[in-house]
Amino acid sequence: MKLITAIIRPHKLTVTEVRGFGRQRGHTEVYRGAEYVVEFVPKTKIEIAVDDALAERVIEAITKTARTGKVGDGKIFVVDLEQVVRIRTGERGASAI
């Protein structure tokens, strides 16, 4: 099983708002005549637990949907899940997803 975490542009999908700056390094804005630096740019974080067999298809779907070709498109992290437990039934492993 894999845990896939993707951080993408908010307008692509709204799930949980997170902030970061990566290579974008933020930007400068003006408010009431005062200039200030916005260091953290809004992003959207998606977390999906999937069976190993589906991981590559999920990664491809996120990449295809979220890519604009510009700096700030985001990143995808894939982590092995040691155990998944459905609390209600006690099921474990892939059947708990």
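Residues numbered from 1 in each chain as written. Predicted model: local features only at pLDDT ≥ 70, side-chain atom pairs only at ≥ 80, totals over all residues. Heavy atoms only, no water.

Peer 1: For this particular structure, what's the right way to read the overall build of the protein chain?
Peer 2: Of the regular secondary structure elements, the protein chain holds one helix and six strands. Element order for the protein chain, N to C, with α for helix and β for strand: β-β-β-β-β-α-β. Looking at the 97 residues of the protein chain, the share that counts as buried comes to 24%. Once local pairs closer than 6 in sequence are excluded, the contacts in the protein chain between residues at least 24 apart make up 66%. Surface summary for the protein chain: the accessible area is close to 7200 Å², and the carbon and sulfur share equals 52%. (Helix = DSSP H or I, 4+ residues; strand = E, 2+ residues; numbered from the N terminus. Buried < 20%, exposed > 50% of the residue type's maximum accessible area, 1.4 Å probe, protein only. Contact = heavy atoms within 4.5 Å. Areas by Shrake-Rupley, 256 points an atom, 1.4 Å probe, with all protein chains shown as cover.)

Peer 1: What is the right way to read the pattern of salt bridges from this model?
Peer 2: A side chain with one charge can pair with a side chain of the opposite charge if their charged atoms come near. Counted by the stated rule, this structure contains five salt bridges. Here D52 makes a salt bridge to K2, at a shortest N to O gap of 3.9 Å. Taken together, the residues span a long stretch of sequence, with D52 in helix α1 (residues 52-66) and K2 in strand β1 (residues 2-8) at a distance of 50 residues. For R86, the salt bridge is made with E91, and the minimal N-O distance between the two is 2.9 Å. (Salt bridge = Lys/Arg side-chain N within 4 Å of Asp/Glu carboxyl O.)

Peer 1: I keep staring at the side chain of D73 and nothing clicks. Help me out?
Peer 2: On the secondary structure map, D73 appears in the loop between α1 and β6 (75-80). The exposure class of D73 is buried, given its relative accessible area of 14%. Within the structure, D73 has its side chain in polar contact with the side chain of T68 (distance 2.4 Å). Separated by 2.8 Å, the side chain of D73 and the backbone nitrogen of G69 make a polar contact. Apart from residues no more than four positions distant in its own chain, D73 is found in contact with I7, I8, R9, A66, R67 and T68. (Polar contact = N/O pair within 3.5 Å; in protein donor to acceptor, adjacent residues only side chain to side chain.)

Peer 1: Is there a simple way to think about the environment of I97 in this case?
Peer 2: Mapped onto the elements of the fold, I97 is located in the segment after β6. Separated by 13 residues in sequence, I97 and V84 place their C-alpha atoms 7.1 Å apart. Apart from residues lying up to four places away in sequence, I97 is in contact with M1, A49, V50, D51, V84 and R86.

Peer 1: Got a minute to help me understand the nonpolar core in this structure?
Peer 2: Nonpolar side chains in soluble globular proteins tend to end up buried together. In this structure, I4, A6, I8, I46, V50, A55, V58, I59, I62 and A66 together form the largest nonpolar core, which totals 10 residues. Put simply, the parts of the chain that give this core at least two residues each are β1, β5 (41-50) and α1. For this core, the leading source of residues is α1, giving five residues. Filtering out sequence-adjacent residues up to four positions away, I8 remains in contact with L13, K43, T44, I46, I62, A66 and D73. (Core = buried A, V, L, I, M, F, W, Y, C linked by side-chain atoms within 4.5 Å.)

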